[in-house]
Amino acid sequence: MKHSNNNQESIETISVNATTKKRIKELDMVKGLVIILVVLRHINELTGISGLDNFYTRFFSTFFESFMILYFLCSGYVYKSKGTVLQDIGKKAKDLLCPFIGYGIFDTAIYFLRYIVIEKQSILWFLDNTLTNFAGLSNWNIRLGIAGNNQMHYAFVPYWFVLQLFAAFCLFIPIEKMVRSKGVAVRILVAVFLVNVSVVLNHYDVQHTLTDTFSSSVSLIFVLINIVGFAGVLMIGSLLNEIAAFDIENQPVNMIMIMMICCLGIGTILFLTDKDSTYALQYGRWGDCGSYSIILTIIGGISVIYFLAVCMHFARKIPGVENFLCYLGVNSLSILMMHFIVAETICWIRGYWFDVYHDPYPMEKISISNYLITVLGTAVILFIYMELRYQYIRRKQNRLEKIEN
């Protein structure tokens, strides 16, 4: 399966072993599976299902932060410098910020239709909220001040991930350049240091301290705890590449079985000790570990990835599964950017669209039928979108081949 050169390379790049340079399809399949869980997680929030206390919501609560870590580990795993620090950061800006701006403009057009054309809100109110959404602030404070309860609903929630990944790369790339030639031991120490800086920042609640210092909230895009920690995770991913940790096909069966048992053990411990049944932007909160749950999340993330990679290794034998999940994994950024606005619009049309963090969520609006309709509707629209996008890329490739010939 060929992967075209486009602005999704940083997250959706082909997984490469440093020595053999062959694609590790298991990782693409894992990303495909996880992007399905990401879509379900956000639909859980939109439909209020996330507020219920059951095994399904507990699963997402416990493991979703580990799933999120997967993308940072994979991005570090496949990272290769293409030039100077500025050149590498510039490439990441093109890969990540261009789709963010493009999809952001698309979402804004949808909101313009709803809030200006249909609901007749003021242009200033719309501008205030649009700038707020792009910057990840609680409010922009332009003339209107705080938007308060009248703040615009928005589908930018998944986008924070893209911007945080870019911010983490801006920290990771120069550090990686400095220590790349220093040996594995030094790089391990640097990775541990970055993660522990994240722990300290979390322990002293630096983000909220900064927020309270300024009249306008500190941007959710630049969460210091996450950026420093994610830079450490990128470094860990780069180190895992050195030992081809996720190249399951070339690992001895005994090693695979031992790792599987360890991963299942870690996953079981995390699930049984997690006492936070709600979603959080931070890494997760297990047991009484407090800030050190950040470290647990990274360990859990590596365990989840390896466990799923082994599962995908065997799932490849099932006809159609490999192609389907690889396709989703390679296009995970497009799905990430599109799915929320699609699901949100379905909820809006059917009359049960509420703020993601609405508390309390109207219980009479929570129903399995609403949830299933949103899931199925989102899946159908995304499938049509991805098929149209695939056909567009194929036509573009064919034109280029004709020109070359």
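Residues numbered from 1 in each chain as written. Predicted model: local features only at pLDDT ≥ 70, side-chain atom pairs only at ≥ 80, totals over all residues. Heavy atoms only, no water.

**Quick look at the pattern of salt bridges**
Part 1 of the reasoning: Tallied over the full model, the rule gives twelve salt bridges.
Part 2 of the reasoning: In this structure, the salt-bridge partner of glutamate 322 is lysine 25, at a minimum N-O distance of 2.9 Å. Residue glutamate 322 is found in helix 12 (residues 321–330), and its partner lysine 25 is found in helix 2 (residues 25–46); the two are separated by 297 residues along the sequence.
Part 3 of the reasoning: Owing to a relative accessible area of 15%, glutamate 322 belongs among the buried residues under this scheme.
Part 4 of the reasoning: A single salt-bridge network, built from bridges that share partners, covers Lys25, Glu26, Arg316 and Glu322. (Salt bridge = Lys/Arg side-chain N within 4 Å of Asp/Glu carboxyl O. Helix = DSSP H or I, 4+ residues; strand = E, 2+ residues; numbered from the N terminus. Buried < 20%, exposed > 50% of the residue type's maximum accessible area, 1.4 Å probe, protein only.)

**Observations regarding the packing of aromatic side chains**
When we look at a pair of aromatic rings, we describe it by the centre distance and by the angle of the planes.
Part 1 of the reasoning: Applying the stated criterion across every chain yields a total of nine aromatic pairs.
Part 2 of the reasoning: Seen from their ring centres, tyrosine 77 and phenylalanine 246 are 5.3 Å apart, and the 35° between their planes marks the pair as tilted. Residue tyrosine 77 is found in helix 3 (residues 55–77), and its partner phenylalanine 246 is found in the loop between helix 9 (224–242) and helix 10 (253–273); the two are separated by 169 residues along the sequence. Both residues of the pair, tyrosine 77 and phenylalanine 246, belong to the buried class.
Part 3 of the reasoning: For the ring pair tyrosine 327 and tyrosine 390, a centre distance of 6.0 Å and an interplane angle of 85° mean the geometry is edge-to-face. Of the two residues, tyrosine 327 sits in helix 12 while tyrosine 390 sits in helix 14 (residues 368–404), which places them 63 residues apart along the sequence. (Phe/Tyr/Trp six-rings, centres within 6.5 Å; stacked < 30°, edge-to-face > 60°.)

**Digging into the packing of helix 6 (residues 159–179) against helix 7 (residues 184–203)**
Two quantities define a packed helix pair, namely the angle between the axes and the distance from one axis to the other.
Part 1 of the reasoning: Interhelical geometry of helix 6 versus helix 7 gives an angle of 155° and a closest axis separation of 10 Å. In terms of axis orientation, helix 6 runs roughly antiparallel to helix 7. Considering only the axes of helix 6 and helix 7, their crossing is right-handed. Residue-level inspection shows Ile175, Glu176 and Val179 of helix 6 in contact with helix 7, the latter providing Val186, Arg187, Val190 and Leu194.
Part 2 of the reasoning: Grouping the amino acids of the contact of helix 6 with helix 7 by side-chain chemistry returns five nonpolar, no polar and two charged. (Axes fitted to C-alpha atoms, helices over the stretch in contact; angles between N-to-C directions. Parallel < 35°, antiparallel > 145°, perpendicular 65-115°, else oblique. Left-handed = near helix turned anticlockwise from the far one by under 90°. Contact = heavy atoms within 4.5 Å. Nonpolar A, V, L, I, M, F, W, Y, C, P; charged D, E, K, R; others polar.)

**Some thoughts on unusual backbone geometry**
Part 1 of the reasoning: Located in the positive-phi region is lysine 120, a residue other than glycine, with phi close to 60°.
Part 2 of the reasoning: Checked against the element boundaries, lysine 120 lands in the loop between helix 4 (85–118) and helix 5 (123–135).
Part 3 of the reasoning: In this structure, alanine 244 takes a positive phi of about 50° despite not being glycine.

**Some points on helix 7**
Part 1 of the reasoning: Its 20 residues give helix 7 an end-to-end C-alpha distance of 29 Å, which sits within 8% of 28 Å, the value for a rise of 1.5 Å per residue.
Part 2 of the reasoning: Buried within helix 7 we find Arg187, Val190, Ala191, Leu194, Val195, Ser198, Val199, Leu201 and Asn202.
Part 3 of the reasoning: Looking one or two residues past helix 7, aspartate 205 carries a phi angle of roughly 50°, positive in sign. (Expected span 1.5 Å × (residues − 1).)

**Focus on the side chain of asparagine 44**
Part 1 of the reasoning: Secondary-structure assignment places asparagine 44 in helix 2.
Part 2 of the reasoning: On the basis of relative accessibility, which here comes to 0%, the residue asparagine 44 falls in the buried class.

**As for the confidence of the model for the protein**
Part 1 of the reasoning: Summary statistics for the protein give a mean pLDDT of 77 and a share of 79% for residues scoring 70 or more.
Part 2 of the reasoning: Every residue in residues 1–21 scores below 50 in pLDDT, and together they form 67 contacts with partners more than four places removed in sequence or on other chains. (pLDDT = per-residue confidence, 0-100.)

**Let's talk about the side chain of arginine 389**
Part 1 of the reasoning: Position of arginine 389 relative to the elements: it lies in helix 14.
Part 2 of the reasoning: Side chain to side chain, arginine 389 and asparagine 331 meet in a polar contact 2.5 Å long. (Polar contact = N/O pair within 3.5 Å; in protein donor to acceptor, adjacent residues only side chain to side chain.)

**Here's the deal with a nonpolar patch on the surface**
Part 1 of the reasoning: A cluster of nonpolar residues, Phe112, Leu113, Val117, Ile118 and Ile123, forms a patch on the protein surface that exposes about 450 Å² of accessible area.
Part 2 of the reasoning: Ranked by the residues each element gives to the nonpolar patch, the list is headed by helix 4, at four residues.
Part 3 of the reasoning: Structurally, isoleucine 123 can be placed in helix 5. (Patch = residues over 30% accessible without salt bridge, like charges linked within 9 Å, V, L, I, M, F, W, Y side chains within 5 Å. Areas by Shrake-Rupley, 256 points an atom, 1.4 Å probe, with all protein chains shown as cover.)

**Description of the nonpolar core**
Part 1 of the reasoning: Val34, Phe67, Tyr77, Phe161, Phe172, Met235 and Phe246 are the most contacted members of the largest nonpolar core, which has 105 residues in total.
Part 2 of the reasoning: If you tally residues by element for this core, the top one is helix 6, at 13 residues.
Part 3 of the reasoning: In this structure, methionine 235 is in contact with Phe172, Ile175, Glu176, Val179, Arg187, Val190 and Ala191, ignoring residues within four places of it in sequence. (Core = buried A, V, L, I, M, F, W, Y, C linked by side-chain atoms within 4.5 Å.)

**Some remarks on helix 10**
Part 1 of the reasoning: Spanning 21 residues, helix 10 covers 30 Å between terminal C-alpha atoms, matching the ideal 30 Å at 1.5 Å per step.
Part 2 of the reasoning: Among the residues of helix 10, Ile256, Met260, Cys263, Gly267, Leu270 and Phe271 are the ones counted as buried. An end-on view of helix 10 places all buried positions within 100° of arc, on one side of the element. Those residues of helix 10 that are exposed and aimed more than 90 degrees away from the buried face are Asn254, Ile261, Ile269 and Leu272. (Arc of directions from axis to C-beta.)

**Considerations on the packing of helix 4 against helix 6**
Part 1 of the reasoning: Two elements in contact, helix 4 and helix 6, have axes separated by 10 Å at closest approach and are oriented at 175°. With respect to each other, helix 4 and helix 6 are oriented roughly antiparallel. Judged by residue contacts, Val85, Asp88, Ile89, Lys92, Ala93, Leu96, Leu97, Phe100, Tyr103, Gly104 and Asp107 of helix 4 engage Tyr159, Val162, Leu163, Leu165, Phe166, Phe169, Cys170, Ile173, Pro174 and Lys177 from helix 6.
Part 2 of the reasoning: Of the residues in the contact of helix 4 with helix 6, the class split is 16 nonpolar, one polar and four charged.

**Let's talk about the environment of isoleucine 49**
Part 1 of the reasoning: Topologically, isoleucine 49 is positioned in the loop between helix 2 and helix 3.
Part 2 of the reasoning: Judged by its relative accessible area of 6%, isoleucine 49 falls in the buried class.
Part 3 of the reasoning: When the C-alpha positions of isoleucine 49 and serine 367 are compared, they lie 7.8 Å apart, and in sequence the two are 318 residues distant.
Part 4 of the reasoning: Excluding residues within four positions of it along the chain, isoleucine 49 makes contact with Asn44, Tyr56, Thr57, Ile366, Ser367 and Tyr371.

**Points about the environment of methionine 337**
Part 1 of the reasoning: Relative to the helices and strands, methionine 337 resides in helix 13 (residues 332–350).
Part 2 of the reasoning: Overall, methionine 337 belongs to the buried group, its relative accessible area being 0%.
Part 3 of the reasoning: Beyond its immediate sequence surroundings of up to four residues, methionine 337 is in contact with Pro99, Phe100, Tyr103, Tyr159 and Val162.

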